[in-house]
Amino acid sequence: MQQMGSSGPKGFVVQPRRLPKAEAQIRVQDFGEIIVKPTTENVEAQAGRCTDCGVPFCQNACPLQNNIPDWLGLSAEDEMREAWRIASATSTMPEICGRICPQDRLCEGACTLNVSGWEAVTIGSVEAFIGDTAFDNGWVEPIRPLHERAESVGIVGAGPAGMAAADRLREQGYQVTIYDRHDRAGGLLMYGIPGFKLEKRVVQRRIDRLVDGGVTFVTGCNVGVDVTLDDLRDKHDVVLLAMGVYAARGLSVPGCGPGDTVAALDYLIHQNRRDLEDPENEGWHHAKGRKVVVIGGGDTAMDCVRTAIRQGAESVVCLYRRDKENMPGSAREVANAEEEGVHFEWLGAPKALMSRDGAVTSVRTARMALSEPVFGQRRDIQVVPGGDFDIQADLVIEALGFEPENFAAHNPELALTDWKTVKVARFGQPGAGFATSIPGVFAAGDAVRGASLVVWAVRDGQDAAAEIDRYLRTRTEEVAA
Ligand code: FAD
Ligand code: SF4
């Protein structure tokens, strides 16, 4: 496709990168998204910065292989409906990925402009704009299969992997039921990721579209407890496991007993429920007026510190054992947190929780140092003797990552990897291979990858749906022969 708008006055030479973001002191006053919806002119100008470089590194770096140069070119020419058609061909939720992908590590990180010293095209923001415009204008087609098929698919987990698979399977006419133990669908899109990154109305309209298209949601149903996997296998022709990873890694230091800390996901769920105007329960956590220490350096930790700032904490410290360069969290999210007033204590590892009258008062912290760099290896860390110090705290949040729950405890014939993720036939290989060790049972998303990204869950869900479709059609042909 011809690049449109790149050689005119909107080209990258005269048009700097602009991502309209609310000022920090304004945005911390509520839980609304911090990226301000751009104007059409702004989107045209930003999309017009794409050079149509000929080698779409951005597309290769996108897990969905989105046709980015094409929809940028169309957006630059205000051909938004066509841009939507192309963006939605490869992704079942462009407006969500456009908001929450760590673009600095994916498409925008690989953008030729970024690599050559100019700033990357604002690919994510344009993608979100295309999706929002499509919803606003009624261009998002309802799911209306050409033919209904008798076979049914049961999906365990209503997160992005389950929803993406449901979307594609229902399009093919299958009868789809999604089971989720939460009271709402959406998985971590609804209850994990805070509203300042992804407002819940954006998730809800995707759920509504699935319901309108004939997908059945059974919420409040814990598979393995309320129903068994065998029950679902009896009921459906195929079962897809997309139940994510939820076993939080815990802090194990002297003085840390039950109730002394709060798990990151519990803390975030409570705030997301407030945003959804659910009635508050007694056990809900709030940081207002408190000295908060969040332990961990990933994106979940960033979500917690920024939530605590918005709740009106007296102070918020992020404690991480390595330095800024070696943090697992996205640089963009760290920068957002710094702008919003979070203090980072780099190279500090929790050593003990100090308490008075049964209440935590501080985190005793060991000063750490990085070992000498060794080519090809992650730098190790070691304790600096005599470097201990205390950080005052009356709310300590643990954000140390997640591991899979042991789903095989209820289903011994389900093979797991050494990391307790669900073992599938050919993970990560071309053409995928999402079949598990149990015939007719497939798996996708974090349950297979371990804690990952929404965009990968969407990719897996879409690919697993295509594989399930092939499986069911082959089976039908065999029966007919
Ligand atoms: P999930 O979204 O976890 O959905 C799984 C669903 O299965 C849940 O609804 C759960 O209730 C349900 N379930 C589990 N067990 C059962 C059972 N036994 N029976 C019935 N239902 C069950 N990624 C990004 O790309 N960008 C971000 O900004 C980002 N921020 C994040 C912030 C936080 C706090 C967290 C924790 C993760 C974040 N991620 C982010 C990662 C991303 O959310 C996940 O990779 C993604 O949601 C995985 O999708 P999934 O569908 O595999 O699982
Ligand atoms: Fe970039 Fe994510 Fe959109 Fe792909 S899905 S183009 S990586 S924002």
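I will try to describe carefully the structure that is included in this document.

## Observations regarding empty space enclosed by the protein
The final tally for this structure, using the stated rule, is four cavities of 30 Å³ or more. Looking at the largest cavity, its volume works out to about 110 Å³. Along the walls of the largest cavity sit 14 residues, with Cys 50, Cys 53, Cys 58, Cys 111 and Thr 112 positioned nearest its centre. One number sums up the size of the second largest cavity: a volume of about 90 Å³. Lining the second largest cavity are 13 residues, with Cys 62, Asn 66, Cys 101, Cys 107 and Glu 127 positioned closest to its centre. Per-element accounting of the lining of the second largest cavity gives the leading share, three residues, to helix α9 (residues 123-136). By residue class, the composition of the lining of the second largest cavity is nine nonpolar, three polar and one charged.

## So, helix α16 (residues 331-339)
Of all the residues in α16, the buried ones are Glu 333, Val 334, Asn 336 and Ala 337. Along the axis of α16, the buried residues cluster in a sector spanning 160 degrees; they form a single face. Those residues of α16 hidden inside the fold are in contact with α1 (24-27), α15 (299-311) and β9 (343-345).

## Quick word on the site of ligand 1
Near ligand 1, the surroundings consist of 34 residues, among which Ile 100, Asp 180, Val 223, Tyr 246 and Asp 446 are the closest. Separating a nitrogen atom of ligand 1 from a backbone N or O atom of Val 223 is a distance of 2.8 Å. Within the complex, 96% of the 990 Å² of free accessible area of ligand 1 lies under protein. Elements with a minimum of two residues in the shell around ligand 1: α10 (160-171), β2 (175-180), α15 and α18 (454-480). Residue composition of the shell around ligand 1, grouped by class: 19 nonpolar, 10 polar and five charged. Taken domain by domain, the shell around ligand 1 gets at least three of its residues from each of domain 2 (152-245 + 404-474) and domain 3 (255-401).

Rules and cut-offs
Residues numbered from 1 in each chain as written. Chains lettered and ligands numbered in written order. Predicted model: local features only at pLDDT ≥ 70, side-chain atom pairs only at ≥ 80, totals over all residues. Heavy atoms only, no water. 1 Å grid on protein atoms, 1.4 Å probe; cavity = no way out; pocket = protein on both sides within 12 Å on 5 of 7 lines; lining within 4 Å. Points joined across faces, edges and corners; volume = space filled by probe spheres on them. Helix = DSSP H or I, 4+ residues; strand = E, 2+ residues; numbered from the N terminus. Nonpolar A, V, L, I, M, F, W, Y, C, P; charged D, E, K, R; others polar. Buried < 20%, exposed > 50% of the residue type's maximum accessible area, 1.4 Å probe, protein only. Arc of directions from axis to C-beta. Contact = heavy atoms within 4.5 Å. Near = heavy atom within 4 Å. Polar contact = N/O pair within 3.5 Å; in protein donor to acceptor, adjacent residues only side chain to side chain. Areas by Shrake-Rupley, 256 points an atom, 1.4 Å probe, with all protein chains shown as cover. Domains from an automatic or database assignment.

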